[in-house]
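# Architecture at a glance
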Amino acid sequence: MSEIHMPIPELYVSAESAAKLKVDAGNMPSWDLTARQICDLELLMNGGFAPLNGFLTQADYDSVVDNMRLSDGKLWPMPITLDVSDKFAEGIAPGQDIALRDAEGVILAIMSVSDKWSPDKAREAEKVFGANDMAHPAVNYLHNTTAGPIYLGGRITGLQQPTHYDYRSRRDTPNELRAYFRKLGWRRVVAFQTRNPLHRAHQELTFRAAKEAQANLLIHPIVGMTKPGDIDHFTRVRCYEAVLDKYPAATTHLSLLNLAMRMAGPREAVWHGLIRKNHGCTHFIVGRDHAGPGKNSQGEDFYGPYDAQDMFLEHQDEIGIEMVPFKMMVYVQEKAQYFPADEIEEGETVLNISGTELRRRLQEGLDIPDWFSFPEVVEELRRSKPPRSQQGFTVFFTGLSGSGKSTIANALMVKLMEAGGRPVTLLDGDLVRKHLSSELGFSKEHRDLNIKRIGYVASEITKNGGIAICAPIAPYTATRRAVREMIESEGAFLEVHVATSLEECERRDRKGLYKLAREGKIKEFTGISDPYEAPENPELRLNTENVDPDHCAHQVLLKLESMGLLTGPGMAAAE
Ligand code: PPS
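Attention here is on the structure that accompanies the text. These numbers were taken from a predicted model, which means no experiment stands behind them.

This part covers the overall build of the protein. Helix and strand content of the protein: 20 helices and 19 strands. Out of the 575 residues in the protein, the part that is buried amounts to 52%. By sequence separation, contacts in the protein at least 24 residues apart represent 73% of the contacts at least 6 residues apart. Total accessible area on the protein is roughly 26100 Å²; 50% of this is exposed by carbon and sulfur atoms. Across the protein, the centroid of the 66 positively charged side chains sits 3 Å from that of the 80 negatively charged ones.

Below, the structure is given as C-alpha cells:
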C-alpha cells in the first residue's frame, strides 16, 4: 500500500457520539452557515483541508495572510474563516461552543470558539488577492454585506456531512478516493481541476498529461462555488459525463469537489494542489492563468498568465504533488488534430474559438464546429442555455404617475402575446399594490420593498423562460439597479424610461391625484412631495407627448428585436 492509499484524518466523531453531541448542541448558540461556509466546513471535516482542524484562529489567520503559512510554519495559502454578523458575535465569548447549522437547520458541527476578532478586510484583500479591488470576485465577497464583519476561530467537531441530493454517486471524500485508487491499484494519479465544460482541447490536454506523467487521470471539477456567471454545475456535470467515454476505459475517474473557489490565481493554485494531495493525487495540472479572476477595474489582468505555475513550482516539494504544466492545445486544420501551441510548424493553420466567441454562438444559436467540441456537449449546453430568442427577459417601465406606463405596458403585452412563443406576465404598479403589496404605503422603505418584490417575481419569470413586463413608478436609482442585478443573472433586462414630463402628467391628471397632492391631501407624492430620480442610461427612453401608445409599444418591440430577444418564428405577426 502506498502513501496515497493511506487514510487521512477526518474531524468527524463516531455516529454514536454525534447523536449524543447533537442533543447538547441543541442548547448552544447556533450559527446558520452561508453557502460558502458550508463548502469550507465540508472540506475541513472530511480532511480535504488537512492539516486544518477548524476555522482559522487569529494567529493562524495573520500568518496565512502575511506568509501563506499557519503559525506553526506549515504551508497554507488561503484564509478559511468563519465570518459572522456583529449581532451574533456580541453574544459569543472565546471558550464557548457553538452549533453550526446548514440552511435547513441541521447541526453539522460544533465549533469550540477560541478566537474572536475584527479583521482588516482591505489588508486581507491586498495580501491574499493582490489588490483591494471590487472587480475581484473574492474581494467583492469580502466587502459584500453577506460577509460578516467579525471572524470566529476554533476547532471543529464534525457531526455529519452536509447533505447533497444531486450526483451523489459522483461525490467522493478524500478517503473514498484514496480507497478507490487503492482498490484499482492506481499509484500515480494526475488531477485536472476545472470550472468549465470539457471541450476537445481539454480532453486532448488531460489525455496527454496523463500519458506524460504515466498516471491515471482524475477529472476533479468544482461543484461548490465558482466564478459568478459560470455555467451551473448541473449542466457541467452532464457535459463531463458525456465526455467520459472518450478516454480509454478504466484509466479515468470523474469525481466532484464541493469547493468554494476564491479565484486567487497563484495562491489558489497552491491551495488546489494541497487539496488534491489530500485526495490522494500525485500530480496536478496547472494551466495558463490558473483560477484567474479576469480583469481588474483598470481593465488589466490581476495576475500574470504563468504566475500560478511559478508559485506552484516554488512550493511543489512542500505540497508533495508534482505539477504538470498545462500546454495550450490548439487545432491544426491541415492535420485535423490538436497539438501543443509550442509544437506548431510554420505555415500551419491554427483554429480557435475563444470563450467569448463560444458564448456568442450559443446565445445566437450559431454553429459550433465538431473540431471544437463534442456534439453531446454542445447539445447539452444548448439545452440548458437556449439562444437569446428563446430565453426569458424583463421589460421594466419606470416613470411618473400618469406618464403612460400602464397603457404602453398593456399594448406591449398584447403584441407579445400575438407573437406567441413565451408566456407573458404584466406586473403593473396598481395591480401589484392590490395583490402583492396591499399592506404597503409610499414611504421610501415601503416603495423599495414594493419594487424588490416586483423584481423578485420578474426574476423568477425570467429564469423560467417567460416575459415579465413591470410598470411601477420605481422612483429610486439604487433600487432599480438592485432589480437589474437580480434579473440580469437570469436573462435580459430592458429598462424603459417613460419620460413624460411632470407638467404633462399633471396636466393630464387622469386619476385626479396631482390635484390632491398639490392640496396636500396626499403625502409623499412622486414628483410633488417625493423625488423621482430619472434613469441616466436606460436601454430606451420614450417620449409620449403627441405619440400614441401603439407606436411607443412598437419602439419597445424594435429594441427587443435589436437585442436578439425576439428573432425567430412568431415575430412576423408582431411587425
Ligand atoms: S412605487 O413608488 O413604484 O412603489 O409606486 P407604484 O407601486 O408604482 O404605485 C404608484 C401608483 O399608486 C398611486 N399613488 C401614488 N403614487 C405616487 N406617490 C404617492 N404618494 C401615491 N399614492 C398613490 C398612483 O396612482 C400610482 O399609479 P400610476 O399607475 O403610476 O399612476
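Turning our attention to the site of the ligand. For the ligand, the set of nearby residues contains 21 residues, the closest of which are Ser401, Arg433, Arg447, Ala474 and Glu524. Contacts to the ligand include Ser401, whose side-chain N or O atom sits 2.7 Å from an oxygen atom. Protein contact buries 92% of the 620 Å² of open area that the ligand shows by itself. Contributing elements (two or more residues each) for the shell around the ligand: helix H15 (429-435) and helix H16 (444-463). Counted by class, the shell around the ligand contains nine nonpolar, five polar and seven charged residues.

So, about the packing of helix H10 (residues 265-278) against helix H11 (residues 307-319). Between H10 and H11, whose axes approach to 8 Å, the crossing angle comes to 35 degrees. The two elements H10 and H11 meet at a crossing, and its hand is right-handed. Together, Gly265, Pro266, Arg267, Ala269, Val270, Gly273, Leu274 and Lys277 of H10 and Asp307, Ala308, Met311, Phe312, His315 and Ile319 of H11 make up the contact between the two elements.

In this section: the sheet that holds strand S14 (residues 350-351). The antiparallel open sheet is built from three strands, whose spatial order is S13-S12-S14. Edge positions in the sheet fall to strand S13 (337-340) and S14, since each of these pairs with one other strand and no more. In this structure, strand S12 (residues 329-332) lies alongside S14, joined through two bridges in antiparallel fashion. Looking at the pairing, Tyr331 lines up with Leu351 of S14. Across the sheet, helix H8 (residues 200-212) is in contact with S12 and S13; its angle to S13 comes to roughly 60 degrees.

Turning next to helix H14 (residues 405-419). With 15 residues, H14 ought to run about 21 Å at 1.5 Å a step, and its terminal C-alpha atoms sit 21 Å apart, in line with that. Restricting attention to buried positions, one finds in H14 the residues Lys405, Ile408, Ala409, Leu412, Met413, Lys415, Leu416 and Ala419. Taken from the residues just after H14, Gly420 is the one with a positive phi, measuring 75 degrees.

Here helix H9 (residues 233-244) is twelve residues long and its end C-alpha atoms lie 16 Å apart, about the 16 Å a rise of 1.5 Å per residue gives. Listed as buried for H9 are His233, Thr235, Arg236, Val237, Cys239, Tyr240, Ala242 and Val243. Buried residues along H9 sit against strand S7 (189-194), H8, strand S8 (216-221), strand S9 (252-254) and helix H13 (375-384). At the N-terminal boundary of H9, the capping side chain belongs to Asp232, with an oxygen 3.1 Å from the backbone nitrogen of Phe234.

All right, on to unusual backbone geometry then. Here the residue pair Ala50 and Pro51 is connected by a cis peptide bond, since its omega of 15 degrees sits within 30 degrees of zero. Among the secondary structure elements, Pro51 is positioned in the loop between helix H2 (35-45) and strand S2 (54-55). A positive phi angle is found at Asp509, which is not glycine, with a value near 30 degrees. Within the secondary structure, Asp509 sits in the loop between helix H18 (502-508) and helix H19 (513-518). Positive phi, close to 65 degrees, is recorded for Asn546, a residue that is not glycine. By secondary structure assignment, the location of Asn546 is in the loop between strand S19 (540-542) and helix H20 (549-562). Residue Asn546 is classed as exposed on the basis of its relative accessible area, which comes to 85%.

For the rest of this paragraph, the subject is the nonpolar core. If you look at the biggest cluster of nonpolar residues, it comprises 73 residues, and the most contacted ones within it are Phe49, Trp76, Leu82, Leu100 and Ile156. Counting residues in each nonpolar core, the second largest holds 34 residues, with Ile219, Tyr247, Leu254 and Phe372 among its members.

The full count for this structure, using the stated rule, is 33 salt bridges. For Glu318, the salt bridge goes to Arg69, with nearest N and O atoms at 2.6 Å. Within this pair, whereas Glu318 is found in helix H11, its partner Arg69 is found in the loop between helix H3 (58-67) and strand S3 (82-84), the two being separated by 249 residues in sequence. Because the salt bridges share partners, they merge into one network encompassing Arg480, Arg484, Glu488, Glu495 and Glu539.

You can see Leu43 is positioned in helix H2. The sequence separation of Leu43 and Val13 amounts to 30 residues, and the corresponding C-alpha distance is 15 Å. When near neighbours in sequence (up to four residues on either side) are disregarded, Leu43 contacts Gly48, Phe49, Leu257, Asn258, Leu259 and His279.

So, on to the pairing of S12. Across the two faces of S12 the burial is the same, with Met329 and Tyr331 and Val330 and Val332 all buried. Two elements, S12 and S13, share four bridges in a ladder whose sense is antiparallel. Each residue of the ladder has a partner; that of Tyr331, found in S13, is Tyr338. With antiparallel pairing between neighbouring strands as the criterion, S12 and S13 make up a hairpin whose turn holds four residues, including Ala336 at a positive phi of roughly 50 degrees.

Conventions we followed
Every chain is numbered independently, its residues counted from 1 as its sequence is written. Two thresholds apply to this predicted model, a pLDDT of at least 70 for residue-level local features and 80 or more for giving and counting side-chain atom pairs, whereas whole-chain, interface and lining totals are computed over all residues. Neither water nor hydrogens contribute to the side-chain values; these are computed over all heavy atoms in the structure. Counting from the N terminus, the helices are the DSSP runs of H or I reaching at least four residues and the strands are the DSSP runs of E reaching at least two. Under the scheme applied here, a residue whose accessible area is under 20% of the maximum for its type counts as buried, over 50% as exposed, and between as partly exposed, the area being computed with a 1.4 Å probe on protein chains only. Two residues qualify as a contact provided that any one of their heavy atoms is within 4.5 Å of a heavy atom in the partner residue. Per-residue and other accessible areas were derived by the Shrake-Rupley procedure at a 1.4 Å probe size, with only the shown protein chains allowed to occlude residues. Positive charges come from Lys and Arg, negative ones from Asp and Glu, while His and the chain ends are left out of the count. Think of each charge as sitting on NZ of Lys, CZ of Arg, CG of Asp or CD of Glu. Nearness of a residue to a molecule or strand requires only that one of the residue's heavy atoms be within 4 Å of it. Under this definition, polar contacts are N or O atom pairs within 3.5 Å; protein pairs additionally need one hydrogen-donor-capable and one acceptor-capable atom, and for neighbouring residues in sequence, both atoms have to be side-chain atoms. Three classes are used, and their members are as follows: Ala, Val, Leu, Ile, Met, Phe, Trp, Tyr, Cys and Pro are nonpolar, Asp, Glu, Lys and Arg are charged, and the others, Gly among them, are polar. Lines are fitted to the C-alpha atoms to define the axes, a helix being fitted only along its stretch in contact, and any angle between axes, read from their N-to-C directions, falls within 0 to 180 degrees. Crossing handedness: left-handed means the near helix sits turned counterclockwise from the far one by under a right angle, and right-handed means the same turn made clockwise. The criterion for strand pairing is that DSSP finds at least two bridges linking the strands in question. Every helix has an expected span of 1.5 Å times one less than the residues it contains. Joining through side-chain atoms within 4.5 Å is the link that ties buried Ala, Val, Leu, Ile, Met, Phe, Trp, Tyr and Cys residues into a set, and such a set is a nonpolar core. Put simply, a salt bridge is a Lys or Arg side-chain nitrogen that is within 4 Å of an Asp or Glu carboxyl oxygen.

Function cannot be read off these values alone, since they describe shape.
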